[in-house]
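# Close look at the chain arrangement
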Amino acid sequence: MRTRPRAPAGLLVPAALAVALLVLPFVALVVRAPWGRLTTTIASEPVVEALGLSLRCATAATAICLVLGVPLAWVLARSGGWAARVVRALVTVPLVLPPVVGGVALLMLLGRVGLLGGPLERWTGVTLPFTTPAVVIAETFVALPFLVIAVEGTLRGLDGRTEAAAATFGASPWYVLRRVTLPRALPGIVSGAVLAFARALGEFGATITFAGNFPGATRTMPLAIYLTMESDPEAAIALSLVLVAVSLVILLALRGRWLTGVRA
Amino acid sequence: MTATRTRTALALLVAAAAALAGCSSAPGGTDAPPGAAEAGGDATAAPQLTGEVVVLAAASLSEVFTGLGERFEQENPGVTVTFGFGASSALAQQVRAGAPADLLATANTSTMEQVADLTGTPEVFATNTLQIAVPAGNPGGVTGVEDFADPDLTLALCAAEVPCGSAAAEMFAAAGVVPQPDTYEKDVSATLTKVVLGEVDAAVVYRTDVIAAGDAVEGVDVPEDVDVVNDYPVAVLADAPNPEAAAAFRDLVLSVVGAEALEAAGFVVS
Amino acid sequence: MTGLRARLAVRRGDFALDVALDAGPGEVVALVGANGSGKTTALHALTGLVPAAGSRVELAGRVLDGDGVHVPSAERGIGTVFQDHLLVPHLSALENAAFGLRARGVRAADARTEAARWLDRLGVGDRAGVRAARLSGGQSQRVALARALASRPRLLLLDEPFSALDAGSRAEVRALLREHLAEAGVPVLLVSHDAADLDGLADRVVRLDRGRVVARGATAAGSAPGPADAGRVGALVVAGGAGGAGGRAPRPDAGPAAGLGPVLDALAPWPTVLLAEHPGPAAPDGRRPHVRLLRGAAGGGPVAALAAGLRALGDGVDVAVVVPGDRPGAVAAVPRLLAALAEHPGARAAVALGPDGHPQPLLAAYRAAALADAAAAAPGEERSAPRADPLLRLRTVAPAVLVAAPPDAALPRRAPGS
C-alpha cells in the first residue's frame, strides 16, 4: 500500500527541466574540457596561486562571518521590536544587491579617499583597496547575510524553555549560551557557514571593483577565470572545472544532516 | 492516461520553444545593393535603412561612437543603433560565441585577427596612443613612465589580455621599466575609473580616455620613442543580421564626419 | 526561619494568582487542584520564571521578592523538576545532573562524581553517558530529579515528578526522596495528582482553585475530590434558624448572628452571599472581601431568598452550597456534599442528612440550574399556603444525592492574614 500519493505527472516535466537547467551546463563543461592539458593547466603556478588565494580568503571571510554573524543572529532572534525588523531588512540588502554595487559601496566607504578609508590612510598610512584584506572584506560583505539569516532561523526555532530551566540552576547567561543554546543551534550554524563559504568563494563583482585584480594578492579564481576566458578559453574551462570540483568536495563533506536540517 | 498527459505537455513545450526561437528580431533589409551607400554619400540618394544595428566596440570608443550613433539615427530615422562596449578581447569572445552583432570595432589589430574568420575585411579608422592618467592634482607626483617602477605608489594597469594592457606592456619593455602595479583592471574603462575615484596614483590608459575624463584626470605624456600606437580596425560581421545598416555605420565612421569626431576625442586619423 | 514563606501575586491575562504558601525545613507541602488552578504558575513564580510583581517570597531568611528586591532566577538556589523535565538534549545524563553544580563553579570532576552518585541512587546510573535526547520518559524524569537534588538547593519544587514512572518505581523513588529530604532539611513543594504521592510524601496539602487557596489540611481531607471537581462554587449563608431538626420554617432574620463570623471565614475564598437583615458583628467589612450582604430577600420565603442570593452570586457559579448561618460546625459537611455532587454528575443536588435521618435542604449543595428552577416554579405558592412546607420545592429537587453529614465539627483555627 502506497504511503504517499504520487505526484501529478504534470509536475514532473517542469521538475525535469529544472534539473536539466542546473545539471546540463556542467555536463557541457566536462565534455568540452581540454582533458589533454588539464593537469598542466591546473598545476601551473598562476592557477595554484589563484586557487590558494580563493580558499584562504573564503575561509577568512567565513570565520569573520561566524564571529560577527552569530551574535547578530542571536540578538535578532531574541528581539521583537520594529528596530529588529529594520535591522533584519538592512542585513538582507546585500543579498538582493548586484555584487558590483556592493563593491562600489565598499570603495566609497573604505577606498583611499573614502568616508572611513580617507581618515584611515591619513592617520595610519594604510589603504585597503588592492590588498588581500580587501578581498576578505568584499567576500564577508556578500556572505554575511546568508549566515545571519540561516542562524537566526535556527535560533528562532528553538523554544527558550530549556534555556530558562537551565538558568534556574544557577547558570549565567553566558554559561547558558555556551553550553545550551549554541550547541543546540550548531546544525544551523554549520549550514550558514557552508552557505557563506560557498558565496565567498564565488564572489566576483564586489571583489574586482573593490579589491582589484593582482595575481597572488587579489586575483581569486573567479577573476582568473573571467580574464583567462578572453585569451585562452580552454584554460578557462579547465579552471572552471577546478572550482566546480572544489565546491562539490565541500558540499559532499558536509552533506546530510548538516545541510538538510537548518532547523535544529 | 498519464503517458498521454506527459506527451501533451512535451509537445506544448516543444512548440513554445520553437516559437521563442523564431522570435528573434527581424532584420530590416532593403532591396538596394550595398554598394549604393558609400562613404560620405549624400543621405538622400541612399535607400532607406531600417531595423536595429548592434555595434560591439572597444571601451575606449564609448563616447565617440555613442555620438556617432545618435547622428546616424538622426540621418536614418528607421534605424536604432545599439552598442556593446567592453574590452576588445571580451568582445571578440562574444563574437566567437555567436553574439548576434552586426559590426565590430576593436582597439588593436591582433584582437580583430582572432575573429578574422567571422568578419569581413577590416579597415583601420583611427589610431590611439597611450598616456599616463593621474587624478586631478597629481597627488602621487607622477612625472613619467619611470614612476611606474616605484612600489610605494598605488598604480593600475589594464590586464595583459586586453589591448590596452598589451600595449602598455610593450611600452614598458621599450622603456626598460619593470612596472609595479597594484591591480590589473579588466578593461580600460575600469582602469580609468580607479584614477577618477582617486584610488590610484597613476594608470596607463589611452590618450582618448584622459580627454574623455575631463577635469577629473590629468594626463602625463609618454615619450614618443617608447609610445605604442594601436590601430583601431572596424569590420562588418559575416553573419550580421543587418549588413546594410552595419555597412552604413561603418562608412559613417570612416567618413569625414567620423574623422572629425574621432580627432576631437583625441584619436589620430591619418 | 529557614524555610519558605511566600505570598504570591501573579497576573497573566485573565488569570490572577493570589496564594500564600509556606513550608518549613524538611517539610513536604503538596499542591493539588484541577488543571488551570495555578499550581504550575505558583511554582514558576517561586523560581522567578514568571513576573510576579507584588509577591513577597522569603527563603532561608533571604528575601527573594519584595521590598523592592527581585532576585534573578539563577541566584535563587531553587531546584526544580519541571513537568516536561526540560533536560538539555545534547548533554549526557551525567552532564545534565551535574549542570547545577558546574554552573555554579564547582570543579567538573567533583560535580560529575556527585551527579553520578545521584544517578545511581535514582536507578539510572547505567545511563550516565547517554545523551538526554535518547533517554526514555521515565529515565529523563529520574535524571531531572537527580539534577534538582544534586544542585544542593535551598528549596525543592517538584512538578509531577513521578508521572512517567510505573507504580513500582514510583514507590521506590518516593522512599528514596523521603529519606533524603529528612536528612537534607530542605522545604519541598510537590505538585501531584497521585493520592499515593500525597500519602507517602506530603506532610500537608494545599488545594488551589482558580488561583486561590481553597483548602488546607492534613492529607486525607485535602486530597478528597473537592470543589474544583464539581465546578465553580458559591456559598449562600442563611442567617437565623436553620431548618435543622424537623421542618421548622427558618426565619432568615431571627436570632443573634453569633456563629456567623466563623462560618463566613470557613467559606473563604468562595464568593459568599449572606442572606440576613441584621448581620450584627458579621457585617461585611474589609476583613471578609468574599462576602456580600443581601437584605430584604426574606419576604418571599426561603426559596425565593436563595434564588435572590443565587442571582447575587452572578454567572460565575456552577454550584451553590447553602449553609445555615448559626451552625458553624455544619461547614464540615460541605466538602462531602461537593464530593458527592462531583461523583454523581446526574444529580442536581447533594443534601445532608440530619442526625434524625431527614434531609436538610438548607445544608446542601445545589447545581445552580436546579436552584433557579426550584425558585421559578410557582413563585407565589408559599404565601398562598402558609402551612405548607416552605422548603417543599427544595426538598423536591431531584435527582438528589443524600449525604450523611459528619457531626458538627470544630472549625480549624486559621492563622490571621492567611
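Here the structure is shown first, and the text comes after it.
Described below are features of the structure shown in this document. (Residues numbered from 1 in each chain as written. Chains lettered and ligands numbered in written order. Predicted model: local features only at pLDDT ≥ 70, side-chain atom pairs only at ≥ 80, totals over all residues.)

## Concerning the overall build of chain B
A count of helices and strands for chain B gives nine helices and nine strands. Every one of the 270 residues in chain B was classed for burial, and the buried ones make up 47%. Considering only intrachain contacts with a sequence separation of at least 6, the fraction spanning at least 24 residues in chain B is 77%. (Helix = DSSP H or I, 4+ residues; strand = E, 2+ residues; numbered from the N terminus. Buried ≥ 20, exposed ≤ 12 C-beta atoms within 10 Å, placed from the backbone. Contact = placed C-beta atoms within 7 Å.)

## Let's talk about the sheet that holds strand β18 (residues 400-404) of chain C
Residues and elements named next belong to chain C. Strand order in the open sheet formed by seven strands is β14-β13-β12-β15-β17-β16-β18, with mixed pairing between adjacent strands. For this open sheet the edge positions go to β14 (291-294) and β18, each flanked by a neighbour on one side alone. Between one strand axis and the next, the sheet turns through 25 degrees on average, direction left out of account. Here five bridges tie strand β16 (residues 349-353) to β18, and the two strands are oriented parallel to one another. Note that in β18 the partner of Ala352 across the bridge is Val403. (Pairing = 2+ DSSP bridges. Axes fitted to C-alpha atoms, helices over the stretch in contact; angles between N-to-C directions.)

## A word on helix α12 (residues 233-253) of chain A
Within an α-helix, residues lying three or four positions from one another point in the same direction, as the helix has 3.6 residues per turn. All names here are of chain A. If you check α12, its first and last C-alpha atoms are 30 Å apart, about what 21 residues at 1.5 Å a residue would give, namely 30 Å. Of all the residues in α12, the buried ones are Ala235, Ala236, Ile237, Ala238, Leu239, Leu241 and Val242. Buried residues along α12 sit in contact with α1 (9-32), α2 (38-43), α3 (45-78) and α11 (221-231). (Expected span 1.5 Å × (residues − 1).)

## Re the interface of chain B and chain A
Taken together, the contact pairs 20 residues of chain B with 21 residues of chain A. When residues of the side of chain B that touches chain A are traced back to their parent elements, those giving at least two are α1 (2-22), α3 (88-96) and β6 (183-185) of chain B. The leading source of residues in the side of chain B that touches chain A is α1(B), at five residues. In the side of chain B that touches chain A, the residues fall into seven nonpolar, seven polar and six charged. (Nonpolar A, V, L, I, M, F, W, Y, C, P; charged D, E, K, R; others polar.)

## Considering the environment of Pro243(B)
Residue and element names in this part refer to chain B. Mapped onto the elements of the fold, Pro243 is located in helix α8 (residues 243-254). For Pro243, a count of 19 C-beta atoms within 10 Å puts it in the partly exposed group. Between the C-alpha atom of Pro243 and that of Leu103, which follows or precedes it by 140 residues, the distance is 8.4 Å.

## A few points about the nonpolar core
Within soluble globular proteins, side chains that are nonpolar generally end up buried alongside one another. With 138 residues, the main nonpolar core has Ala138(A), Leu147(A), Leu103(B), Ala133(B), Ala203(B) and Phe249(B) as its most contacted residues. Residue-level mapping places this core at the junction of two domains, with at least three residues from each of domain 1 (26-127 + 231-264) and domain 2 (128-220) of chain B. Excluding residues within four positions of it along the chain, Leu147(A) makes contact with Cys65(A), Leu66(A), Gly69(A), Gly192(A), Ala193(A), Leu195(A) and Ala196(A). In terms of nonpolar packing, the next biggest core, distinct from the first, is built from 82 residues, Ala132(C), Leu155(C), Val205(C) and Val213(C) among them. (Core = buried A, V, L, I, M, F, W, Y, C linked by C-beta atoms within 7 Å. Domains from an automatic or database assignment.)

## A few points about the environment of Gln94(B)
Residues and elements named next belong to chain B. Turning to its location among the elements, Gln94 is positioned in helix α3. Residue classification places Gln94 among the partly exposed positions, given that 18 C-beta atoms sit within 10 Å. The spacing of Gln94 and Leu56 is 38 residues in sequence and 9.3 Å in space, taken between C-alpha atoms. Once residues lying within four places of it in the same chain are set aside, the contact partners of Gln94 are Leu56 and Ala99.

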